[in-house]
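Here are the chains, one letter per residue:
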Amino acid sequence: MHLKFLLKEIENNKEQPFITKVRGTQIQRKLGENIDAVLTLQFLNQVAETINDKELQARVEKGIQNCVDKIEKSSDSSGKVKGAGWAGVLQSSFASSSLEQASKNKNIKVDKEKLDASRNYQKSNYNAETEEVKAEDGAGIVLYAVSSSVRGSATEAKEAHEILEEGKKTGKIEKDAKLTTENLEKLGVAREKAASYTTADKVYKSAKVKAMQEDVMNGFGNNGGEEFLSFLQTGESMVVKKDEDWKNGMIMWLEN
């Protein structure tokens, strides 16, 4: 029922900038005017893996491509999704993870430069050296921005460690080698990408700790929608990275 409703909305508005004509909703005001396409893409990405009906599968993939196209068109050169609301950093973060998931579908075209820009924007909101957080796009709330940085760096951090571990197994690099730009280059990673991987790893390691600090987890001071989305992002990033610290984070959240 929900799937068919969403597909119909997408198909009826496929030439429009948004997937729905309904505007001015609370979630659009708080997260951004493009949040409809972002969250619909997240849903369709998950559903696509469970469908056996070929006709319905084709409709879902067309819907996914339409959402991807709308998100890419609504993203600026810095990687932010335009039309941001009160906590627009969350809209951009969920857009980034949605595009990331869609890129794994061989039938979907995702602009690699747009995806890289969205990841870089999330990483830029957190300085791993100073632990400084840029929260301007997140209503000034550290939690929203830092949880987005954790999620935005998780996949690259995971890929970087997989490359490093494979290099150790095959003897291409020393067993005690650390994850550095230079070592990734030795393993055949282009310098620019190696630097991006290294930054992602540093941001992930530091930002996940910051995101689970009690004062940060308080968010706006109460557990509202943005807080729950932020907790979701932090936990999801650890699942993506296969990081067991997500269990500790859940315990801390439940205790609060």
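This write-up is about the structure you can find in this document. Quantities reported herein were computed from a predicted structural model and do not represent experimental measurements.

Our next topic: the packing of aromatic side chains. For any two aromatic rings, the description comes down to two numbers: the centre-to-centre distance and the angle of the planes. This model, assessed by the stated rule, comprises three aromatic pairs. Between the aromatic rings of Trp86 and Tyr144, the centroid separation amounts to 5.9 Å while the plane-to-plane angle is 65°, which identifies the pairing as edge-to-face. Taken together, the residues span a long stretch of sequence, with Trp86 in the loop between α4 (54-73) and α5 (88-102) and Tyr144 in helix α7 (residues 142-169) at a distance of 58 residues. With a relative accessible area of 35%, Trp86 lands in the partly exposed category. Classification of Tyr144 by relative accessible area gives buried; the value is 0%. Taking the centre distance of 6.3 Å and the plane angle of 85° together, the rings of Phe228 and Phe231 count as edge-to-face. With a gap of three residues between them, Phe228 and Phe231 both fall in helix α11 (residues 225-241), about one helical turn apart. The class for Phe228 is partly exposed, based on a relative accessible area of 40%. The exposure class of Phe231 is buried, given its relative accessible area of 14%. Members of the aromatic cluster, connected to one another through ring pairs, are Trp86, Tyr144 and Phe220. Taking the ring centre of Phe18 as reference, the NZ or CZ of Arg23 above it sits at 3.7 Å. In this arrangement the basic side chain of Lys193 is found over the ring face of Tyr197, its NZ or CZ atom lying 4.7 Å from the centre.

All right, on to the layout of surface pockets then. Within this model, the largest pocket holds a volume of roughly 280 Å³. Lining the largest pocket are 13 residues, with Gln46, Gln101, Arg151, Glu236 and Val240 positioned closest to its centre. Counting only elements with at least two residues in the lining of the largest pocket, the list comes to α3 (35-48), α5, α7 and α11. Top contributing element to the lining of the largest pocket by residue count: α5, with four residues. Of the residues that constitute the lining of the largest pocket, the class distribution is one nonpolar, seven polar and five charged. In this structure, the second largest pocket encloses a volume near 190 Å³. By residue number, the principal contributor to the lining of the second largest pocket is helix α6 (residues 112-124), which donates four residues. For the lining of the second largest pocket, the per-class residue count stands at no nonpolar, two polar and six charged.

Attention shifts here to the side chain of Asn13. Mapped onto the elements, Asn13 comes out in the loop between α1 (2-12) and α2 (26-31). Assessed through its relative accessible area of 3%, Asn13 is described here as buried. For Asn13, the residues in contact, after removing those within four places along its chain, are Phe18, Ile19, Thr20, Lys21 and Lys70.

With that settled, consider the nonpolar core. The tendency in soluble globular proteins is for nonpolar side chains to be buried as a group. Counting 50 residues, the largest nonpolar core has Leu41, Val60, Ile64 and Val68 as the members making the most contacts within it. The contacts of Leu41, once residues within four sequence positions are left out, are Ile64, Cys67, Val68, Ile71, Ser98, Leu99 and Ala102. Within the second largest apolar cluster, 10 residues are counted, among which are Ala160, Leu179, Val189 and Tyr197.

Procedures and definitions
- Residues numbered from 1 in each chain as written.
- Predicted model: local features only at pLDDT ≥ 70, side-chain atom pairs only at ≥ 80, totals over all residues.
- Heavy atoms only, no water.
- Phe/Tyr/Trp six-rings, centres within 6.5 Å; stacked < 30°, edge-to-face > 60°.
- Helix = DSSP H or I, 4+ residues; strand = E, 2+ residues; numbered from the N terminus.
- Buried < 20%, exposed > 50% of the residue type's maximum accessible area, 1.4 Å probe, protein only.
- Lys NZ or Arg CZ within 6 Å of the ring centre and 35° of its normal.
- 1 Å grid on protein atoms, 1.4 Å probe; cavity = no way out; pocket = protein on both sides within 12 Å on 5 of 7 lines; lining within 4 Å.
- Points joined across faces, edges and corners; volume = space filled by probe spheres on them.
- Nonpolar A, V, L, I, M, F, W, Y, C, P; charged D, E, K, R; others polar.
- Contact = heavy atoms within 4.5 Å.
- Core = buried A, V, L, I, M, F, W, Y, C linked by side-chain atoms within 4.5 Å.

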